Amino acid sequence: MSYRVHRFDIVMESDQNKLEVFLNNLKGEIVSIIPNNRNISLAQIYGISRKIDFLLIIEKIKD
């Protein structure tokens with residue numbers, strides 16, 4: 001078995017459909033989705049700015 005790691009840049013407020021299309025087009029099995037959180041600032045604590053820059057999506061591929 002082999003794995004492929006995809007980086008998916010995302011704006012959490014508006015990219016739900018884009019993420020859905022991306023996930024549905026993968027051929028293998030999704031093992032994990034790991035969000036990359038920015039360094040926490042005062043604006044993020046109060047919810048003013050977005051917190052997630054991108055997702056790492058790990059896909060298991062059959063050999």
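Residues numbered from 1 in each chain as written. Predicted model: local features only at pLDDT ≥ 70, side-chain atom pairs only at ≥ 80, totals over all residues. Heavy atoms only, no water.

1. Notes on the packing of aromatic side chains
Describing an aromatic ring pair means giving the distance of the ring centres and the angle of the ring planes.
Step number 1: Evaluated as defined, the whole model comprises 1 aromatic pair.
Step number 2: A centroid spacing of 5.2 Å and a plane angle of 40° characterise the contact between Phe-8 and Phe-22, whose relative ring orientation is tilted. Separated by 14 residues along the polypeptide, Phe-8 in strand E1 (residues 2–9) and Phe-22 in helix H1 (residues 16–24) bring together distant segments of the chain.
Step number 3: Phe-22 gets classed as partly exposed once you look at its relative accessible area, which sits at 24%.
Step number 4: Between Arg-7 and the ring centre of Phe-54, over which it is positioned, the NZ or CZ distance is 3.7 Å.
Step number 5: The ring of Phe-8 has Lys-18 lying over it, and the distance from NZ or CZ to the ring centre is 5.5 Å. (Phe/Tyr/Trp six-rings, centres within 6.5 Å; stacked < 30°, edge-to-face > 60°. Helix = DSSP H or I, 4+ residues; strand = E, 2+ residues; numbered from the N terminus. Buried < 20%, exposed > 50% of the residue type's maximum accessible area, 1.4 Å probe, protein only. Lys NZ or Arg CZ within 6 Å of the ring centre and 35° of its normal.)

2. Focus on the side chain of Asp-15
Step number 1: Inspection of the secondary structure assignment puts Asp-15 in the loop between E1 and H1.
Step number 2: Here Asp-15 occupies a buried position and makes no salt bridge, while the nearest side chain of opposite charge, Lys-18, is found at 4.2 Å.
Step number 3: Of note is the side chain of Asp-15, whose polar atom sits 2.8 Å from the backbone nitrogen of Val-11. (Lys, Arg positive; Asp, Glu negative; His and termini not counted. Salt bridge = Lys/Arg side-chain N within 4 Å of Asp/Glu carboxyl O. Polar contact = N/O pair within 3.5 Å; in protein donor to acceptor, adjacent residues only side chain to side chain.)

3. Considerations on a nonpolar patch on the surface
Step number 1: A contiguous nonpolar patch, built from Met-1, Tyr-3 and Val-31 and spanning about 370 Å² of accessible area, is present on the exposed surface.
Step number 2: As for its position among the elements, Met-1 is in the segment before E1. (Patch = residues over 30% accessible without salt bridge, like charges linked within 9 Å, V, L, I, M, F, W, Y side chains within 5 Å. Areas by Shrake-Rupley, 256 points an atom, 1.4 Å probe, with all protein chains shown as cover.)

4. Describing the sheet that holds E1
Step number 1: Overall, antiparallel pairing links the 3 strands, which are arranged E1-E3-E2 in an open sheet. On the outer flanks of this sheet lie E1 and strand E2 (29–37), each paired with one strand and no other. Here the average twist between neighbouring strands, direction ignored, is 20°.
Step number 2: Taken together, the 8 bridges between E2 and strand E3 (residues 52–61) define a ladder with antiparallel strand orientation. Paired with Ile-30 across the two strands is Glu-59, which belongs to E3.
Step number 3: Across the sheet, H1 touches E1, E2 and E3, and the angle it forms with E1 is around 165°. (Pairing = 2+ DSSP bridges. Axes fitted to C-alpha atoms, helices over the stretch in contact; angles between N-to-C directions. Contact = heavy atoms within 4.5 Å.)

Fair warning: the whole summary comes from geometry, so function is off the table for now.
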